[in-house]
Amino acid sequence: MAVFFNYTVDMPSSGQLHHSQWHQIHALFAIAHFRNDVGSKVCFYNEEGLLVNDILLNKTSDLTAIEWHPSRKVIACGLECGDVVVCNLVNSLRSTASSVHTHSLVVMLWTFNGMQLVTGDKSGLVVKWEIDSRGMIPDIPIFKCSLYQILTHAICHHSFLGSCLAQESSAIDHETYQSSSITDEGHSLTPTVPSNQELDIIFFATTEGENGNVFSMTGDENQVVQKLKTDGQVTKLFLCEEKFCLIVLTNKMIVAICNILSDGNVVEAMKVKLSVPIQSKLADLASLGFGLLGCCTGESMIRIWDLYSHDNYFLTLGTQDEQYSETEQIVCLAYSAAKGILACGTVSGSVAMWKYIPSFADKNLEPAKSWKMLSLFSFQEAITSLTWGSAFMLLAVSTTEHIYIMHEHVMSAHCSHGTTVVQTGPNRIAVEVFPLKFQRNFSSEIQVKGIFTSKDDFVIWDRQRIIVYTISTEPEACITKAGDFKASVLKVCLYAQNLYTLESGKVTVRNFQGVVKQNMPLYEVEGNVVYMDVCSKYLLLATANNFVKVYDLDWSRDAKLCAIPKNLAEIITEIDHIVSIKCNKEASKVSMIVAKRDKHWNPRLYIWDTEIDGMTAFNFATWKSEEGIEIDDMTSVSIPGHITIGEHDTMPDVVGRYPYCQFWDWEDSRLLCVETKPLHSCFPRCQECLTRWTSVSGVEEEEVIVSLFVTSDNCIYVQESYCVESNYGRLLSLENPYFYFTKKHFEYNVSSSSTIVGIKQIEKRSTENVWKPYEYQKEKFSGSASSLVLSCAPQSYIVRRIHRDFVGFEDADKQTREAVMNFSYYVTVGNLDQAFNELRAINNEYVWESMAQMCVKSRRLDVARVCLARMNNPRVAMALREAMKEREDAAATAVLAFHLQLPEEGIQLLHDCHRYDLLNQYYQAMGKWDYAFHIAQTNDRMNLRNTHHRYAKVLESEGNIPLAVFNYENSSNYRLEVPRLLLSLHEDLGEYVRRADDVELHKWWGNCLKTCGNFERAAEAFMKANDVFSVVQLYCCMDRLQPAISLCNETGNRAACCYLAHHLAKMNRIQEALHYFCRAGIYGPVIRICKQLGDSEQLLKVALLGNEDDTVEVADYFKRIPGHEDKAVMLYSKAGRVSQAVQLAFRSKQFTTLQAISESLTKLRDPELLLQSAKFLIENFQYDLAVDLLAIAKRYQEAIQICTEQHVPMTDSLVEKLTPPKDIEDTERIKILETIGEVCFNQGEYHLATKKFVEAGNKTKAMKVLLKSGDTEKIIFFAGIARQKEIYIMAANYLQSTDWSRDPVVMRHIVSFYKKGNAIESLCNFYISCAQSETDDFKNYEKALDALSAAYEAVDVKNENHVDIISPAKVNEIKNRIGFVKQFLSAKTLYEENKTEEAMLLVNGLLRQPNVHHSVRIGDLLGFCINHYARTKQWKAASRFLSLLEKKVPKARLTFYVDDKTLQAVHDAIDVKLLESDATAFLDSTAANNEHGVEAKDDAVSIT
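Every value quoted in this text rests on a predicted model; they were computed, and no experiment measured them. (Residues numbered from 1 in each chain as written. Predicted model: local features only at pLDDT ≥ 70, side-chain atom pairs only at ≥ 80, totals over all residues. Heavy atoms only, no water.)

A. Region of the structure containing the overall build of the chain. Scanning the chain for helices and strands turns up 46 helices and 64 strands. The proportion of buried residues among the 1504 residues of the chain is 54%. For the chain, the proportion of contacts with a sequence separation of at least 24, taken over those separated by at least 6, is 50%. Summed over all atoms, the accessible surface of the chain reaches about 69,600 Å², with 49% contributed by carbon and sulfur. (Helix = DSSP H or I, 4+ residues; strand = E, 2+ residues; numbered from the N terminus. Buried < 20%, exposed > 50% of the residue type's maximum accessible area, 1.4 Å probe, protein only. Contact = heavy atoms within 4.5 Å. Areas by Shrake-Rupley, 256 points an atom, 1.4 Å probe, with all protein chains shown as cover.)

Given below as structure tokens:
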């Protein structure tokens, strides 16, 4: 519940108003105006519109821009003359910079940390100033830049924009919060972002002709860069922080949405043209949080864009109220992120508000329904602008003539000992005394800021005045004013005849007339008092330095401190300030809710045990007792408690929440009640639990009341938790057996001060469940003894909810209530013995029944059985015994709940345990068939037909035959029940069957008619049922053969054909009977008839069509008849009796027939028959079948011999058949396998041969066969798995025969196989071959050297191990090859380094070496010399070597050593070819004349 107080700003009577702005932390409203006789002036007002300060800036120049410091009471002002003035309201210092700007200032921005100020004038000059700690501006700026365009707007963007400004409101009085968060010096105690978190990007909007531009200045680069061109002049520029978007509105009604990248660049994402009425050009944009964008275009609606889903929808004012017309024009918008409220102003002077409540449970909810419209307010002047203030919910409404401040105030309420006082309007009070059962309401003389009540008195106050009232009921109900005095207070508490007032951080004790009786002592280290409350007879104080003090007020004179003050800052390291403090009736336990420094709600509830000075905590977010609760190591505090779930698991209700307010029971010092709310994003780890709770409850902002038992040993047990109903407001008090709540159906209200005229309230309420204010009559008080006589109000502003354990005990005596509370406590903590002891003290049967009902709610069946035993109710006891047979305790509890007249609890229990079958039965028993069918269709589909059947039985008993038939049909039991139901009404039954499309019913009806002798109608019924057999049977009975024959021919029904065949046989129509027997597939009668007639041909045909028994019967018949043995053999073979067929064939010498059934001979198992059959097949040249039979007879050698002699193809299947099993002798088996392998090898089946040789264990022979196949992959695979040296060598030798030089994989396998086969000499030869291949094919002497080195390394390792030592000659050969190759490579290297002489000496030496051609090709050496002499133009020498090369190398390969250009150059230079002798002589002379000749010797070669 909230109310808006309205204040008119006390502005000067004349002058031009230019700018106004709220401070984002302090409740200060700055208004800049100009008067010709005075000049430019800035006035500062508080939240009530009263002037608190003013500053005269300039007597001649107008003021054009103002900007508050983000945290301090410092304001920057820009004048028309270009002066920049910075004023500090705390120390009254003022500084001016007047030498930079020469034009009117239009832009002023503070950086995020408040250390720098950015200003811009109309000419486009942008300047950045460094502001010192005193708030003074220097004469010289740190940066300035000119945009050379008209500057109009500017805005700043950084990562933490607004994070320290958006604070969630709480139930604490705003005045208390203000005093706790703002010091006397004006500095905020609220932690801000560190100074190094500076502004990231500043955007500037300029005008260039008819269009506009957007510039940006990133970080400390001090460089302004153009980012965007706009279609039209920019009229509004703002940010959407949720989407990191820059939003631009132009005068052409075009909205541009641009994404801000991490590097500061701006990318246009979307552009929209607003639709504006022709007669209006008004438009405004506002960021609404949650990625939403609001726009008004001079119409009676607001357009909302969702930047996440790209959807849009409208919010309309509505036309049901007379104050609004369809032509209403909305001209301005303002959104408060702290409260989620959108306000709009209209031309007619109205202010409308919507609150955004997103739905997380219902994803299909229309977006517009997430905005709940609040009260509407009306002013007499047209609204020009709206501005939300700081965190205190202040709204400045600017009209054409005035400025109003609307201050939201949470309506006060208090409850004590059944006496409740509720603020229902700005100055309206409702009083209700529940013990006396009367309620009153009246209007006070002040706008109420707070209320506190005791049993017989209550006090109300505003900032300047306190009024005390006394409630009396004799001789008639009246409220008497007991005191009225002036005092500036933040809060007032009441106990006995004393008032405890919080004034300027101090607590003063006064009487009802305002006389000071005592000043509560405070120490400097404790700080000022920021919170005060009275619980029972104890005064609780919380100070700014987080000290908690408890005073006992039940003393004759002054209050006495009953516990050592507790410093929470030493215990709770994350504490920022104390939110709420409560204590039990003995002050032995003090519970506290504290705020965290990060401004997130603290999910912990702290409990201080004043007797042992110990602390424990309950965490509503994680359901864990956090050991130590962040206690400093130097603090000795006892944490003995633990947190336990009591009675039943209420954890899902509590997880993911934070405590909001708290109350202890007035009578029981163990019971604590806490109101909780969801944490949302403050604790992401609890989001899953919150989502689960939301999906169940369907409400996002669900408030949950949690009842806790706090034991003497500081253990905490959850006793109960439940959701606050939608019509409940906040919790006021816990006074067993009741919880006291305010009603929630209060709208925002507005109050007019005495100086304002023409402000009215427009109420917009729903037509259903609307609370309407009381009617009252107001009388003036006369003096302090005056009274007000009131009539009883028809309704209450307070809702009382009975505690779960006291349902039925509202009017019980104190002893009974104490027993019930003790019983509930012991059941919660799990002490059943003590709980039973408490039960024994109660002898009232009604009490025991209520106890049993409470046990149902707490799901304690064991205790419920004791209660039932004391109730003397055998019916309920028997029901409980039956219910205990259910597998779920919740189901048994539900059954008991139904018998104890608790249907809602029982239904909920069955829902929770998913026993929808029992719930269905309950609804059926209660006659609630609609509910039963709903449950059956949605959750109990298994019993849906059963439900229809039971409902049909009920309808049948009621005589509702049509509906009963319908439900029997839905139960799928209509074939039995409907005929029984309609049997007495014969005609109705026949009509029902005829209309029914059911085969079984038609068949049943046909049998009924057949029994009655009505064959014609029976045949019709059978035809509808598609029962051809019954129809043919009836036709035969009626001697109507032709229709029967036609029907059998059409349908081919076997049963009908069989019946017709029997009937024709009886009539001696044999051929027709045989035909229909065959069509029916019944061959036994046909065989019998054919035997009697001696029809062999027909008998053979039937035997081939019949089953095995029929075939054998006919075969036996033909076996006995001479000349028909061939038919018998065929039939025996078809029946699968091959042995009989073969024996009969040999006995009757039916070899032709035996050959015809040769494929069936493989089924034989008699060895003699197999051999005899094989011999027969060999004689008839069917060798493949003979081999199969011999293999089956295990005559493997004979079978293999036939395969060899007759060249029978060796297939996979045949080879497997010829493979002997492993149970025979190994020697014989190996011999057979090798024989099979040789046969396969001879036939070219190398893979089969390899397989058999491997099975025989002869891997070497298998490898030889595999080498014959030439399958390289299988050879490599087999060599790898064989693991034999010989096979490795064989595989390597084979691979050398392939094109190994082009396949590196094959080369690696060759090397690997040689190494595994220990064939080092072969490996050396292979390396030498590799080297030769590299030089011959690729001229790659480097790789050749690597190969030769590998060969030498292998030989060297072999010799060191003294295993198969390689001959020295082989070693010397390898060393020589290595030396030659190295010399040639050295010569090439020297030549490349221009050391030609040394290189030529090496080459000449190589040419003289014997056997050098094995290592280095002569062509390469000669080509080297030719190229050198050609390069040095020694053409004769080149020609001589060329002649020698032509003799050594064929001409076709001459260019392989010398390129064409060199050859052509040599031939062109020397026409005559040199002779070989000349070349040789030249070579000898060159070597002889060279004093530095080098002779290559074998022993001079070094191996590296």
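B. Geometry of the packing of aromatic side chains. Inspection of every chain in the model, using the stated rule, returns 24 aromatic pairs. Ring geometry for Tyr 1429 against Phe 1441: centres 5.7 Å apart, planes inclined by 20 degrees, an arrangement best described as stacked. Here the residue Tyr 1429 occupies a position in helix H43 (residues 1418–1431), and Phe 1441 occupies one in helix H44 (residues 1435–1448), the gap between them amounting to twelve residues. As far as the burial class goes, Tyr 1429 and Phe 1441 line up, both buried. In this arrangement the basic side chain of Lys 491 is found over the ring face of Tyr 531, its NZ or CZ atom lying 5.0 Å from the centre. One residue, Arg 670, lies across the ring of Tyr 825, its end atom 4.3 Å from the ring centre. (Phe/Tyr/Trp six-rings, centres within 6.5 Å; stacked < 30°, edge-to-face > 60°. Lys NZ or Arg CZ within 6 Å of the ring centre and 35° of its normal.)

C. Quick look at the sheet that holds strand S16 (residues 211–218). Strand order in this open sheet of four strands is S14-S15-S16-S17, and the pairing throughout is antiparallel. Each edge of the open sheet is held by one strand with a lone partner, namely strand S14 (150–157) and strand S17 (224–230). For this sheet, the mean angle separating the axes of adjacent strands, direction not counted, is 25 degrees. Note: S16 against S17, six bridges, orientation antiparallel. Opposite Val 214, over in S17, you have Leu 228 as the bridge partner. (Pairing = 2+ DSSP bridges. Axes fitted to C-alpha atoms, helices over the stretch in contact; angles between N-to-C directions.)

D. Here's a closer look at the nonpolar core. Formed by 112 residues in total, the largest nonpolar core has its most connected members in Phe 741, Leu 896, Val 1032 and Leu 1060. Per-element tally for this core: the top contributor is helix H9 (residues 889–899), with seven residues. Apart from the residues lying within four places of it in its own chain, the contact partners of Phe 741 are Ile 705, Tyr 722, Val 724, Tyr 728, Gly 729, Arg 730, Leu 731, Tyr 797, Ile 798, Val 799 and Arg 801. Counting 96 residues, the second-largest nonpolar core is a separate cluster that includes Ile 1287, Phe 1441, Leu 1444 and Leu 1445. (Core = buried A, V, L, I, M, F, W, Y, C linked by side-chain atoms within 4.5 Å.)

E. Inspection of the pattern of salt bridges at higher detail. On inspection of all chains with the given rule, the structure shows 25 salt bridges. Residue Lys 252 pairs with Asp 231 through a salt bridge whose shortest N-O separation is 3.3 Å. A residue pair is termed long-range when its members are at least 10 positions apart, and Lys 252 in the loop between strand S19 (245–250) and strand S20 (254–260) and Asp 231 in the loop between S17 and strand S18 (234–240) qualify at 21 residues. Asp 231 gets classed as partly exposed once you look at its relative accessible area, which sits at 35%. A salt bridge links Glu 445 to Lys 481, with the nearest nitrogen and oxygen atoms 3.1 Å apart. Note that Glu 445 is positioned in the loop between strand S36 (438–443) and strand S37 (450–453) and Lys 481 in strand S40 (residues 478–486), a separation of 36 residues in sequence. Glu 445 gets classed as partly exposed once you look at its relative accessible area, which sits at 40%. Residues joined in a network through salt bridges with shared partners are Glu 47, Glu 48, Lys 449 and Arg 463. (Salt bridge = Lys/Arg side-chain N within 4 Å of Asp/Glu carboxyl O.)

F. Molecular detail of the packing of H44 against helix H45 (residues 1460–1469). It is the contact of H44 with H45, at a shortest axis distance of 9 Å, that shows an interaxial angle of 115 degrees. Handedness of the crossing formed by H44 with H45: left-handed. Between H44 and H45, the contacting residues are Trp 1435, Ala 1438, Ser 1439, Leu 1442 and Glu 1446 on the first element and Leu 1463, Ala 1465, Val 1466, His 1467 and Ala 1469 on the second. Its residues assigned to classes, the contact of H44 with H45 shows seven nonpolar, two polar and one charged. (Left-handed = near helix turned anticlockwise from the far one by under 90°. Nonpolar A, V, L, I, M, F, W, Y, C, P; charged D, E, K, R; others polar.)

G. View of the environment of Ala 936. For Ala 936, the position within the fold is in helix H12 (residues 929–938). As for Ala 936 and His 948, which are separated by twelve residues in sequence, their C-alpha atoms are 9.6 Å apart.

H. Representation of the state of the cysteines in the model. Using the criterion set out here, one finds zero disulfides in the structure. Cysteine Cys 77 shares no disulfide, and the gap to the nearest cysteine sulfur, in Cys 87, comes to 5.1 Å. Between Cys 583, a cysteine without a disulfide, and Cys 535, which holds the nearest cysteine sulfur, the sulfur-to-sulfur distance is 4.6 Å. (Disulfide = S-S within 2.5 Å.)

I. Seen up close, the environment of His 1207. Here His 1207 lies in the loop between helix H31 (1196–1206) and helix H32 (1212–1218). When neighbours within four sequence positions are excluded, His 1207 is seen to be in contact with Ile 1202 and Gln 1243.

J. Highlighting the sheet that holds strand S50 (residues 575–583). Strand order in the open sheet formed by four strands is S50-S51-S52-S53, and the pairing between neighbours is antiparallel. The outermost strands of the open sheet, each flanked by one partner alone, are S50 and strand S53 (614–619). In this sheet, neighbouring strand axes are inclined to one another by 30 degrees on average, regardless of whether the strands run parallel or antiparallel. Inspection of the sheet shows strand S52 (residues 604–609) paired to S53 by six bridges, in the antiparallel sense. Looking at S53, one finds that Tyr 606 is bridged to Ala 617.

K. Layout of the packing of helix H19 (residues 1028–1037) against helix H20 (residues 1041–1051). Interaxial distance between H19 and H20 falls to 8 Å at its minimum, and their mutual angle equals 160 degrees. One finds that H19 runs roughly antiparallel with respect to H20. Relative to H20, H19 is oriented so that their crossing is left-handed. Contacts between H19 and H20 pair Val 1028, Val 1031, Val 1032, Tyr 1035 and Cys 1036 from the former with Leu 1041, Pro 1043, Ala 1044, Leu 1047, Cys 1048 and Thr 1051 from the latter. Here the contact of H19 with H20 is composed, by residue class, of ten nonpolar, one polar and no charged. (Parallel < 35°, antiparallel > 145°, perpendicular 65-115°, else oblique.)

L. Structural detail: helix H38 (residues 1304–1316). Spanning 13 residues, H38 covers 18 Å between terminal C-alpha atoms, matching the ideal 18 Å at 1.5 Å per step. When we look at burial in H38, the residues that qualify are Val 1306, Ile 1310, Val 1311, Phe 1313 and Tyr 1314. The buried residues of H38 occupy one face: seen down the axis, they fall within an arc of 165 degrees. Counted as exposed and oriented over 90 degrees from the buried face of H38: Pro 1304, Arg 1308 and Lys 1315. Packing partners of the buried residues in H38 comprise helix H36 (1272–1282), helix H37 (1285–1296) and helix H39 (1320–1338). Count one or two residues on from H38 and you reach Asn 1318, which has phi positive near 60 degrees. (Expected span 1.5 Å × (residues − 1). Arc of directions from axis to C-beta.)

M. Representation of unusual backbone geometry within the structure. For the peptide bond that leads from Asn 736 to Pro 737, omega is 10 degrees, which places it in the cis range. Backbone geometry at Ser 536 places phi at a positive 55 degrees, although glycine is not the residue there. By secondary structure assignment, the location of Ser 536 is in the loop between strand S45 (529–535) and strand S46 (538–543). According to the relative accessible area criterion, Ser 536 is partly exposed, its value standing at 25%. For Asn 1394, which is not glycine, the phi dihedral falls at a positive 65 degrees. Judged by relative accessible area, which is 58%, Asn 1394 ranks as exposed.

N. Up close: the pairing of S46. For S46, the tally of buried residues reaches six of six residues, placing the bulk of the element in the interior. The two faces of S46 match: Tyr 538, Leu 540 and Ala 542 on one face and Leu 539, Leu 541 and Thr 543 on the other face are all buried. Between S45 and the antiparallel strand that follows it, S46, lie two residues; Ser 536 among them carries a positive phi value of about 55 degrees. Sheet topology note: the S46/strand S47 (residues 547–552) ladder contains five bridges and is antiparallel. Looking at S47, one finds that Leu 539 is bridged to Tyr 551. Linking S46 to S47, which pair antiparallel, is a turn of three residues; within it Asn 546 sits at a positive phi near 65 degrees.

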